[in-house]
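# Notes for the structure review
If you want the building blocks of each chain, they are given just below.
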Amino acid sequence: MAEQLQQLILDTLDREKEIKDTRTLTIPGDAAPATSQEAQLVIQGALNSLLSKEMVTYSMQEAFAYALTQEGNDIADKGSHEAVVWSVLPLKGQGAPLSIKDLKQKVGDETAKIGQGRAFKNGWIAKEGDGLVKLKESIDDTTRNELAEIRASGTLAAGEKAIAELRKRKLVQQKKLLWFSAQKGANFSTSLDKLETDLTAEMLQSGAWKTAKFKKYNFDAEGIPPNGGALHPLLKVREEFRNIFMEMGFAEMPTSQFVESGFWCFDTLFVPQQHPARDLQDTFYVSDPPESLPPPTDYYEKVQKVHTVGGYGSIGYRAPWSDADSRKLLLRTHTTASSSNLLWRLANRKGGFKPVKMFSIDRVFRNEATDATHLAEFHQ
């Protein structure tokens with residue numbers, strides 16, 4: 001089949017000058033075009049073989065589509081939880097209301113639990129006495145229809161917002177699609193000649209090496225780059241929280257600066273310079289360089305004043321102030337250090353302070369004893 005597929009590629013290039021999308025090809029022996037990822041990997045093998053002979057060149061294309069999860073496929077076949085709940089209830093005024101207990105026996109605990117809430121939200125059902133009745137004689141099961149559309153086309157005409165809702169319900173998942181575009185190479189021909197890979201003693205004795213065609217050695221060849229990877233479980237959880245905040249209209253603040261000064265990490269948050277949290281046994285201090293660049297003078301003086309003598313309704317800590325402690329560099333013990341710095345920059349930007357909705361999720365460091373459940377590094 002490999003040679004037949006290579007010949008198909010060469011004949012197609014000879015006829016059409018270019019293959020823009022290898023998903024339009026039909027692998028010999030198959031009845032349908034090669035739209036699956038498995039089929040595209042087979043085509044890539046044939047392209048690599050032709051590429052080694054410089055008969056073709058090709059480039060990899062990728063796109064993202066959506067596929068149904070197991071639960072999504074079940075809903076596409078049988079209907080959504082809310083539609084199933086609606087279907088077993090009597091119409092209002094035409095029968096005795098169905099109790100919650102009987103509903104669970106008919107549709108199962110999970111479908112009853114999920115379906116009730118969504119059916120109430122859609123206005124399909126209502127509570128009557130101790131039971132439930134349906135309010136509408138017919139419904140449009142949008143969830144089932146959308147899942148059927150995604151299963152057929154890999155996308156949804158309703159847009160990303162509708163897809164995001166289905167992903168939130170874990171009914172669909174995103175998948176990467178690969179295909180290739182191919183062009184004629186320097187040695188293009190519709191004839192497949194077998195290239196020799198080794199110079200044998202028989203070739204030398206018979207003189208066949210003089211007319212033989214050898215496969216070109218590519219001394220610069222590298223391994224095939226991976227098409228993807230997997231996120232660490234902790235990063236997956238972090239990404240879920242990020243998406244929740246962003247869907248609520250929050251923006252993520254920059255928190256990539258792990259090394260902070262004592263001023264931004266402690267002083268601006270009004271942690272006393274004599275506080276135990278600032279001791280070596282609780283905080284990682286940087287030895288080289290030992291101190292930070294000077295902070296903004298006017299803000300530094302205001303913070304120092306509130307610490308030492310008070311202000312804004314406070315009497316201060318009435319304790320000695322150390323410039324050296326304020327300038328010490330350390331691994332931040334909380335992301336609030338970044339928040340404090342950002343608030344100062346927001347207050348001093350052109351046009352004055354304007355309220356913003358922001359969040360941060362990032363690493364912090366504390367000099368604590370490590371064990372099976374604790375590290376010196378964690379997320380906040």
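Counting restarts for each chain: residues are numbered from 1 in the order of the written sequence. In view of the model being predicted, local features appear only for residues whose pLDDT reaches at least 70, and side-chain atom pairs are presented and counted only at 80 or more, with totals across whole chains, interfaces and linings using the full set of residues. In computing side-chain values, all of the structure's heavy atoms are included and hydrogens and water are not.

### Topic: the packing of aromatic side chains
Let me state the cut-off plainly: Geometry of aromatic contacts follows a simple scheme: Phe, Tyr and Trp rings, the Trp one being its six-membered ring, pair when their centres are within 6.5 Å, and the pair is stacked under 30 degrees between planes, edge-to-face over 60, tilted otherwise. The way it works is that DSSP assigns letters per residue, a run of H or I at least four long becomes a helix, a run of E at least two long becomes a strand, and they are numbered from the N terminus. Two conditions define a charge located above a ring, namely a distance within 6 Å from the ring centre to NZ of Lys or CZ of Arg, and an angle within 35 degrees of the ring normal.
Per the stated rule, a full pass over the model turns up eleven aromatic pairs. Taking 5.9 Å as the distance between ring centres and 85° as the angle between the ring planes, the aromatic pair formed by Phe 263 and Tyr 299 counts as edge-to-face. Here Tyr 299 lies in helix H12 (residues 297–308) and Phe 263 lies in helix H11 (residues 262–265), a separation of 36 residues in the sequence. By way of ring pairs, the aromatic residues Phe 263, Trp 264, Tyr 299, Tyr 300, Trp 321 and Trp 344 are connected into one cluster. One Lys or Arg, Arg 23, reaches over the ring of Trp 179 and ends 3.8 Å from the middle of that ring. A cation over an aromatic ring shows up here: Lys 134 above the ring of Trp 86, its NZ or CZ 4.1 Å from the ring centre.

### Quick look at the sheet that holds strand E5 (residues 131–134)
The pairing of strands in a sheet comes from backbone hydrogen bonds and takes either a parallel or an antiparallel form. As a reminder of what qualifies: Strand pairing is defined by DSSP finding a minimum of two bridges between the two strands. The contact criterion used is simple: two residues touch if any of their non-hydrogen atoms lie within 4.5 Å. Helix axes use the C-alpha atoms of the stretch in contact, all axes being lines fitted to C-alpha atoms, and the angles between their N-to-C directions lie in the range 0 to 180 degrees.
Spatial strand order, E3-E5-E4: three strands in an open sheet with antiparallel pairing. Each edge of the sheet is formed by a strand with only one pairing partner; in this case those strands are strand E3 (98–99) and strand E4 (125–128). Examined bridge by bridge, E3 and E5 share two bridges and lie antiparallel to one another. If you follow Ser 99 over to E5, its bridge partner there is Gly 131. Sheet strands in contact with helix H6 (residues 109–121) are E4 and E5, and its direction is about 105° off that of E4.

### Structural notes on the environment of Glu 16
Here is the rule: The classification of residues rests on relative accessible area computed with a 1.4 Å probe and restricted to protein chains. Under 20% of the type maximum is buried, over 50% is exposed, and intermediate values are partly exposed.
Residue placement: Glu 16 occurs in helix H1 (residues 2–16). You can call Glu 16 partly exposed: its relative accessible area is 46%.

### Focus: the pairing of E4
Two faces, one strand: in a regular strand the side chains alternate between the faces of the sheet. Bridging between E4 and E5 involves four bridges; their strand directions are antiparallel. Counterpart to Lys 127 in the pairing with E5 is Leu 132.

### Section: the pattern of salt bridges
Applicable threshold: A pairing counts as a salt bridge when a side-chain nitrogen of Lys or Arg comes within 4 Å of a carboxyl oxygen of Asp or Glu.
Overall, the coordinates contain 13 salt bridges when judged by the stated rule. One salt bridge connects Glu 291 with Arg 327, and the closest N-O pair in it is separated by 3.4 Å. Placement of the pair is Glu 291 in the loop between H11 and H12 and Arg 327 in helix H13 (residues 323–327), with a sequence separation of 36 residues. For Arg 327, a relative accessible area of 22% translates into the label partly exposed. Several salt bridges share partner residues, and in doing so they unite Glu 239, Arg 242 and Glu 252 into one network.

### So, the layout of surface pockets
Rules: Buriedness for pockets is judged along seven lines, at least five of which must meet protein on both sides within 12 Å for an open set on the 1 Å grid over protein atoms alone, while cavities are sets there where a 1.4 Å probe fits but cannot get out, and lining residues have an atom within 4 Å of a point. Grid points are joined across faces, edges and corners, and a volume is the space filled by probe spheres set on the points. All amino acids are sorted into three groups, where Ala, Val, Leu, Ile, Met, Phe, Trp, Tyr, Cys and Pro are nonpolar, Asp, Glu, Lys and Arg are charged, and the leftover types, Gly among them, are polar.
What the largest pocket holds in volume is close to 990 Å³. Lining the largest pocket are 21 residues, and of these Arg 167, Lys 168, Glu 239, Glu 240 and Asn 243 lie nearest its centre. Of all the secondary structure elements, the ones that give two or more residues to the lining of the largest pocket are helix H8 (160–168), strand E6 (172–184) and helix H10 (233–247). The biggest single contributor to the lining of the largest pocket is H10, with six residues. Its residues placed into classes, the lining of the largest pocket shows six nonpolar, five polar and ten charged.

### With respect to the nonpolar core
A general tendency of soluble globular proteins is for nonpolar side chains to be buried together. Counted only if it meets this: In these notes, a set of buried Ala, Val, Leu, Ile, Met, Phe, Trp, Tyr and Cys residues joined through side-chain atoms within 4.5 Å is what counts as a nonpolar core.
Ile 9, Ile 43, Leu 47 and Val 56 are the most contacted members of the largest nonpolar core, which totals 17 residues. Of all the secondary-structure elements, those providing two or more residues to this core are H1, helix H2 (37–52) and E6. Not counting the four nearest positions on each side in its chain, Val 56 is found in contact with Leu 10, Leu 13, Leu 47, Leu 50, Leu 51, Gln 183, Lys 184 and Gly 185.

### A few points about empty space enclosed by the protein
Using the criterion set out here, one finds one cavity of 30 Å³ or more in the structure. Of the voids in this model, the largest cavity is the one considered here, and its volume is about 40 Å³. Pro 272, Gln 273, Gln 274, His 307, Thr 308, Tyr 317, Ala 319, Pro 320 and Trp 321 are the residues that line the largest cavity.

### Quick word on the packing of helix H3 (residues 70–78) against helix H7 (residues 142–153)
Note the threshold: By definition in this entry, angles of less than 35 degrees are roughly parallel, angles greater than 145 are roughly antiparallel, angles of 65 to 115 are roughly perpendicular, and the rest are oblique. The handedness criterion is simple: a crossing whose near helix is rotated anticlockwise from the far helix by less than a right angle is left-handed, and one whose near helix is rotated clockwise is right-handed.
Running from N to C, H3 and H7 cross one another at 115°; their axes reach a closest spacing of 8 Å. The pairing of H3 with H7 is recorded here as roughly perpendicular in orientation. For the pair H3 and H7, the crossing hand works out as left-handed. Every residue of H7 that contacts H3 at Gly 72, Asn 73, Ile 75, Ala 76, Asp 77 and Lys 78 is listed here: Thr 143, Arg 144, Leu 147, Ala 148 and Arg 151.

### Describing H2
Turn by turn, an α-helix covers 3.6 residues, leaving residues three or four places apart pointing in a common direction. Selection criterion: Take the number of residues in a helix, subtract one, and multiply by 1.5 Å to get its expected span. To be clear, the arc concerns the directions from the helix axis to the C-beta atoms.
The end-to-end C-alpha distance of H2, which contains 16 residues, comes to 22 Å, matching closely the 22 Å that a straight helix rising 1.5 Å per residue would cover. Restricting attention to buried positions, one finds in H2 the residues Ala 39, Gln 40, Ile 43, Gln 44, Ala 46, Leu 47 and Leu 50. The buried side chains of H2 occupy one side of the element, clustering within an arc of 165° when seen end-on. For H2, the exposed residues lying more than 90 degrees away from the buried face are Glu 38 and Leu 41. As for H2, its buried residues are in contact with H1, strand E2 (56–68) and E6. Phi turns positive one or two residues past the end of H2, at Glu 54, with a value near 60°.

### Things to note about the sheet that holds E2
Overall, antiparallel pairing links the three strands, which are arranged E1-E6-E2 in an open sheet. Single-partner strands in this sheet number two, and they are strand E1 (18–19) and E2. Against the sheet, H8 makes contact with E2 and E6, and its axis sits at roughly 125° relative to E6, the strand it touches most.

### Some details on the side chain of Thr 69
Within the secondary structure layout, Thr 69 lies in the loop between E2 and H3. For Thr 69, a relative accessible area of 17% puts it in the buried group.

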